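As a plain string of letters, each chain reads:
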2 protein chains.
Amino acid sequence: MTVDPLENLPGYSLRRASAASMAKLARRFAALDLRPTEASVLMVVDANPNITQSEIGRMLDVASANMAPLVSRLAERGLLERQPVDGRSHGLALTRTGSVLTTKVKKTATEHERDLLRKITPAQRKVLLAILRKLWSDN
Amino acid sequence: MTVDPLENLPGYSLRRASAASMAKLARRFAALDLRPTEASVLMVVDANPNITQSEIGRMLDVASANMAPLVSRLAERGLLERQPVDGRSHGLALTRTGSVLTTKVKKTATEHERDLLRKITPAQRKVLLAILRKLWSDN
DNA sequence: TATTGTTATACTCTATAACTATA
DNA sequence: TATAGTTATAGAGTATAACAATA
């Protein structure tokens, strides 16, 4: 029989759990013609009207070089509008269309979390968040 | 002040924790001129001499179309050898060089897990593995 | 018919370097 | 000098389609 030498490694399980979760989430967001990162940007702008691109990047840990085309696509689709804050940065806000879509995004995200958490007990849910946050907040 | 609407979503924390962990692991494996997936294949072959490519793919959830170039690179580097099992599949085994390198891979993986787990308590470690396995083993 | 392995191709996310313009 | 934003480019992982050879 075959042996999986990785199955007892928490780091590897973390990777597999995340990959499985993200693949499912990507399929859900595809119904809204959005990729997961695009959906996350919409949610952040929704919660923080007039936030700048660089602030979003720091919050989501997306490099500025990767934020540029991401925001451009959302703006070209008429989901976001840019209003100048000073000479170099722009505040981002959802358009009417973007706001409607983001409502669906939030519903999709909630469904996804529900499906994910359905697999574990309520006690485990509390522990899980605390652990995960520690794993990546430290550094 | 800005608000992070994603920070309380376990699915998002899972993604961030995994991404942070994998980025660090990739930097470690780069010192061995290996990518994480290549390293994982070496570990699986090490634990299962004569395993076939398709069996590895099923174990690690890597599509056969992606296993082909992966194994080819490792074979071209002289880390793996293929011996025919039947007319269509080959058993994979580590070469002497591959075996030496895999010893370093396992050491690196162990160090990585130690660093990761250093951030959480022993009690949390036990819970974490159980939860993660449930999150992706179900489907 | 199902499985193994392969090639070609595309998509998503991420990373780096180099640059312009503004603070 | 530091920051905001941009462009170009590359790497890594993953996904689909189509195919040949074998079981």
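Structure's up top.
Remember, predicted model here, so these are calculated numbers, not experimental data. (Residues numbered from 1 in each chain as written. Chains lettered and ligands numbered in written order. Predicted model: local features only at pLDDT ≥ 70, side-chain atom pairs only at ≥ 80, totals over all residues. Heavy atoms only, no water.)

*Asks:* When you look at the overall build of chain A in this model, what are you seeing that I'm missing?
*Replies:* Along the backbone of chain A there are six helices and three strands. Listed N to C, the secondary structure of chain A is α-α-β-α-α-β-β-α-α in terms of helices and strands. In chain A, which comprises 139 residues, the proportion classed as buried is 44%. Carbon and sulfur atoms make up 52% of the accessible area of chain A, which totals about 7300 Å². Each charge class in chain A can be summarised by its mean position, and for the 22 positive and 14 negative side chains these summaries are 5 Å apart. (Helix = DSSP H or I, 4+ residues; strand = E, 2+ residues; numbered from the N terminus. Buried < 20%, exposed > 50% of the residue type's maximum accessible area, 1.4 Å probe, protein only. Areas by Shrake-Rupley, 256 points an atom, 1.4 Å probe, with all protein chains shown as cover. Lys, Arg positive; Asp, Glu negative; His and termini not counted. Charge placed at Lys NZ, Arg CZ, Asp CG, Glu CD.)

*Asks:* Would you mind showing me how to read the packing of helix α1 (residues 10-30) of chain A against helix α1 (residues 10-30) of chain B here?
*Replies:* For any two helices packed against each other, one specifies the inter-axial angle together with the distance between the axes. Viewed as axis vectors pointing N to C, α1 of chain A and α1 of chain B meet at an angle of 130 degrees, and their least axial separation amounts to 9 Å. Judged on the interaxial angle alone, α1 of chain B and α1 of chain A are oblique. The handedness of the crossing between α1 of chain A and α1 of chain B comes out as left-handed. On α1 of chain B, the residues that touch L14, R15, A17, S18, S21 and M22 of chain A of α1 of chain A are L14, R15, A17, S18, S21 and M22 of chain B. (Axes fitted to C-alpha atoms, helices over the stretch in contact; angles between N-to-C directions. Parallel < 35°, antiparallel > 145°, perpendicular 65-115°, else oblique. Left-handed = near helix turned anticlockwise from the far one by under 90°. Contact = heavy atoms within 4.5 Å.)

*Asks:* I'm lost on the pattern of salt bridges in this one. Help?
*Replies:* Side-chain pairs of opposite charge can arise where the charged atoms are in close proximity. For the coordinates displayed, the defined rule picks out 12 salt bridges over all chains. Note that R28 of chain B is salt-bridged to E111 of chain B, the shortest N-O span being 3.5 Å. You can see R28 of chain B sitting in helix α1 and its partner E111 of chain B sitting in helix α5 (residues 96-117), a full 83 residues away along the chain. Judged by relative accessible area, R28 of chain B falls into the partly exposed class, the value being 22%. The class of E111 of chain B is partly exposed, set by a relative accessible area of 26%. Among the salt bridges present, the one from D115 of chain B reaches R28 of chain B, with a minimum N-O distance of 2.4 Å. One end of the pair, D115 of chain B, is in helix α5; the other, R28 of chain B, is in helix α1, and 87 residues separate them in sequence. The structure contains a network of salt bridges with shared partners spanning R28, E111, R114 and D115 of chain A. (Salt bridge = Lys/Arg side-chain N within 4 Å of Asp/Glu carboxyl O.)

*Asks:* So what exactly am I meant to see when it comes to the nonpolar core here?
*Replies:* Considering soluble globular proteins, one finds that nonpolar side chains tend to be buried as a cluster. Grouped together as the largest cluster of nonpolar side chains are 28 residues, with contacts concentrated most on L34, V41, L42, I56, L74 and V105 of chain A. Of all elements in the fold, only α1, α2 (36-47), α3 (53-60), α4 (64-76) and α5 (96-117) of chain A reach the threshold of two or more residues within this core. Per-element tally for this core: the top contributor is α2 of chain A, with six residues. Excluding anything up to four places from it in sequence, I56 of chain A contacts V41, V44, V45, I51, M67 and L92 of chain A. Residues Y12 of chain A together with L25, M43 and L101 of chain B belong to the second largest nonpolar core, which totals 27 residues. (Core = buried A, V, L, I, M, F, W, Y, C linked by side-chain atoms within 4.5 Å.)

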